[in-house]
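A structural walkthrough
In case you want the letters, here they are:
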Amino acid sequence: MTRTPVNVTVTGAAGQIGYALLFRIASGQLLGPDVPVHLRLLEIPQAVKAAEGTAMELDDAAFPLLAGIDVTDDLKKAFDGTNVALLVGARPRTKGMERGDLLEANGGIFKPQGEAINAGAADDVRVLVVGNPANTNALIAKSHAPDVPADRFTAMTRLDHNRAIAQLSKKVETPVADIKKIAIWGNHSATQYPDIFHAEVAGRNAAEVVNDEGWLRDTFIPTVAKRGAAIIEARGASSAASAASAAIDHVHTWVNGTAEGDWTSMAVVSDGSYGVPEGLISSFPVVCKDGKWEIVQGLEINDFSRERIDASVRELEEERDAVRNLGLI
Ligand SMILES: NC(=O)c1ccc[n+]([C@@H]2O[C@H](COP(=O)([O-])OP(=O)(O)OC[C@H]3O[C@@H](n4cnc5c(N)ncnc54)[C@H](O)[C@@H]3O)[C@@H](O)[C@H]2O)c1
Ligand SMILES: O=C(O)C[C@H](O)C(=O)O
């Protein structure tokens, strides 16, 4: 191991996603097979012991790329010098909780984490917010990190992107590897818009191959957008291994680039592209190169897509206004 280890912070490390995620990071799947990692596991005090148990198991796996593990409930220790921050831990919605209560509770988590990243993270820090409501939590964290370039704060819609590929693959009976240029627009919520109008199935336009607007409207879009709820219904717990896998994909693609002739979906700070108000953290099709993302430009948006993108963006504006009214941004 010759390279300096990359510091990777994972919050909510004792949770379900954390358990699926940490072993894949330690095995080299996040950054690559030749990149050693030093893990920082952040938890709330009552879950530190459980995170220490996970750290013991990570030791026991004897991963050659794992250079060290710290377990802490201290934000400074978790984020000082961090290069990659995966913000997974969040306050889940519990019975009787309104959306505003959820936003406020999460503001209490993502504001101090944004401040700690601002104060101590490495200059090249990249942040992925997984904890829900992911887009708005990312907006809160970004708002409290004025010294970190805004393009370093992203939220996860890669799970939705992967779900859309899987559903389309089944419909057209074509392997997932032959499906390119799916796009997720808007919020990681039931209003998101999975778009196949620019997608390709083995080089052919996906919407033309499908040629079934009824399926698109009544099956594909709701299946992808409500998949999280369907998993909760079936498993009795929210998606964990698939979410961890998508988090690995998100950071790996960001750092190592999108494949030639393809793009991915990431929730990133809007520059006003496609009429999405500047500053919102909204999902777009992006290409990644040299460790940076760029929103794919020049796509023609038909009326069907426009209506759905606008609806999801409206929801993001409402969330932004709610956290603004709570003084969180
Ligand atoms: N963006 C996506 O695609 C996506 C997909 C699946 C799940 N999620 C979200 O990811 C989050 C985590 O899911 P999970 O299944 O791992 O939940 P979980 O409840 O199993 O684990 C969450 C962990 O976060 C910890 N935590 C809470 N507050 C914290 C804080 N301030 N600092 C550090 N840790 C803290 C908890 O102690 C817990 O161990 C949830 O918000 C879930 O809705 C997002
Ligand atoms: O939908 C949820 O609440 C969980 C998660 O965000 C998911 O998409 O699986």
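Residues numbered from 1 in each chain as written. Chains lettered and ligands numbered in written order. Predicted model: local features only at pLDDT ≥ 70, side-chain atom pairs only at ≥ 80, totals over all residues. Heavy atoms only, no water.

- The name given to the protein chain in an unreviewed UniProt entry is Malate dehydrogenase, and the organism recorded there is Actinoallomurus spadix.
- Per UniProt, the comment on the protein chain under Function (unreviewed entry) is "Catalyzes the reversible oxidation of malate to oxaloacetate."
- Here is the UniProt Sequence similarities (unreviewed entry) comment for the protein chain, exactly as written: "Belongs to the LDH/MDH superfamily. MDH type 2 family." (UniProt positions renumbered as here; feature names shortened; annotations may be inferred.)

Let's talk about unusual backbone geometry
- Cis rather than trans, the peptide bond between N132 and P133 has omega equal to -5°.
- Within the fold, P133 resides in the loop between β5 (126–129) and α5 (134–143).
- Positioned with a positive phi, A202 is a non-glycine residue whose angle comes to about 45°.
- The residue A202 is located in the loop between β10 (200–201) and β11 (204–205) in this model.
- Relative accessible area serves as the criterion here: at 55%, A202 is assigned to the exposed category.
- Notably, N211 is not glycine yet its phi reads approximately 50°, a positive angle.
- Secondary-structure assignment places N211 in the loop between α7 (206–210) and α8 (213–225).
- Residue classification places N211 among the exposed residues on the basis of a relative accessible area of 65%. (Helix = DSSP H or I, 4+ residues; strand = E, 2+ residues; numbered from the N terminus. Buried < 20%, exposed > 50% of the residue type's maximum accessible area, 1.4 Å probe, protein only.)

A closer look at the pairing of strand β14 (residues 292–295)
- The alternating pattern of β14 places W293 and I295 on a buried face and K292 and E294 on a face that is not buried.
- Here four bridges tie strand β13 (residues 281–289) to β14, and the two strands are oriented antiparallel to one another. Paired with V287 across the bridge in β14 is E294.
- Hairpin connection from β13 to β14: two residues lie between these consecutive antiparallel strands, with D290 at a positive phi of about 50°. (Pairing = 2+ DSSP bridges.)

Observations concerning the pattern of salt bridges
- What the rule picks out here adds up to 12 salt bridges.
- Linking D310 and R306 is a salt bridge whose minimum nitrogen-to-oxygen distance equals 3.0 Å. A residue pair is termed a helical-turn pair when its members lie 3 or 4 positions apart in one helix, as D310 and R306 do in helix α11 (residues 303–325) at four residues.
- A relative accessible area of 30% means that D310 is categorised as partly exposed. (Salt bridge = Lys/Arg side-chain N within 4 Å of Asp/Glu carboxyl O.)

Digging into the site of ligand 2
- Around ligand 2, the neighbouring residues are N132, R163, H188, G228, I232 and S239.
- In isolation ligand 2 has 260 Å² of accessible area, and contact with the protein removes 73% of it.
- Among the residues making up the shell around ligand 2, the classes are represented as one nonpolar, four polar and one charged. (Near = heavy atom within 4 Å. Areas by Shrake-Rupley, 256 points an atom, 1.4 Å probe, with all protein chains shown as cover. Nonpolar A, V, L, I, M, F, W, Y, C, P; charged D, E, K, R; others polar.)

Side note on the side chain of Q167
- Here Q167 is to be found in helix α6 (residues 158–172).
- Filtering out sequence-adjacent residues up to four positions away, Q167 remains in contact with W215, F220, T223, V224 and R227. (Contact = heavy atoms within 4.5 Å.)

Re the UniProt feature "binding site: NAD(+)" (unreviewed entry) in the protein chain
- UniProt's entry tags G12, A13, A14, G15, Q16, I17, G18, N106, Q113, V130, G131 and N132 with the feature "binding site: NAD(+)" (unreviewed entry), counted in the numbering of this structure.
- Among the structural elements, Q16 can be located in helix α1 (residues 16–26).
- Exposure remark for Q16: the relative accessible area of 40% places this residue in the partly exposed category.
- Each residue touching Q16, except ones within four places of it in the same chain, is listed here: R235, A237, S238 and A240.
- Here N106 lies in helix α4 (residues 99–120).
- By relative accessible area, N106 is classed as buried at 0%.
- Here N106 is in contact with A90, R91, N132, P133 and N137, once residues within four sequence places are set aside.

Points about the site of ligand 1
- Taken together, the neighbourhood of ligand 1 is formed by 23 residues, with Q16, I17, E43, V130 and N132 sitting nearest.
- Contact between ligand 1 and G12: a nitrogen atom at 3.2 Å from a main-chain N or O atom of the residue.
- Measuring from an oxygen atom of ligand 1, one finds a side-chain N or O atom of H188 at 3.2 Å.
- Within the complex, 81% of the 870 Å² of free accessible area of ligand 1 lies under protein.
- Looking at the shell around ligand 1, the elements with two or more residues in it are α1 and α4. (Polar contact = N/O pair within 3.5 Å; in protein donor to acceptor, adjacent residues only side chain to side chain.)

A word on the sheet that holds β10
- Read across the sheet, three strands follow the order β7-β10-β11 without closing on themselves; strand pairing throughout is antiparallel. Each edge of the sheet is formed by a strand with only one pairing partner; in this case those strands are β7 (179–180) and β11.
- Both β7 and β10 contribute to a ladder of two bridges, which runs antiparallel. Bridging from a neighbouring strand, K180 pairs with E200 of β10.

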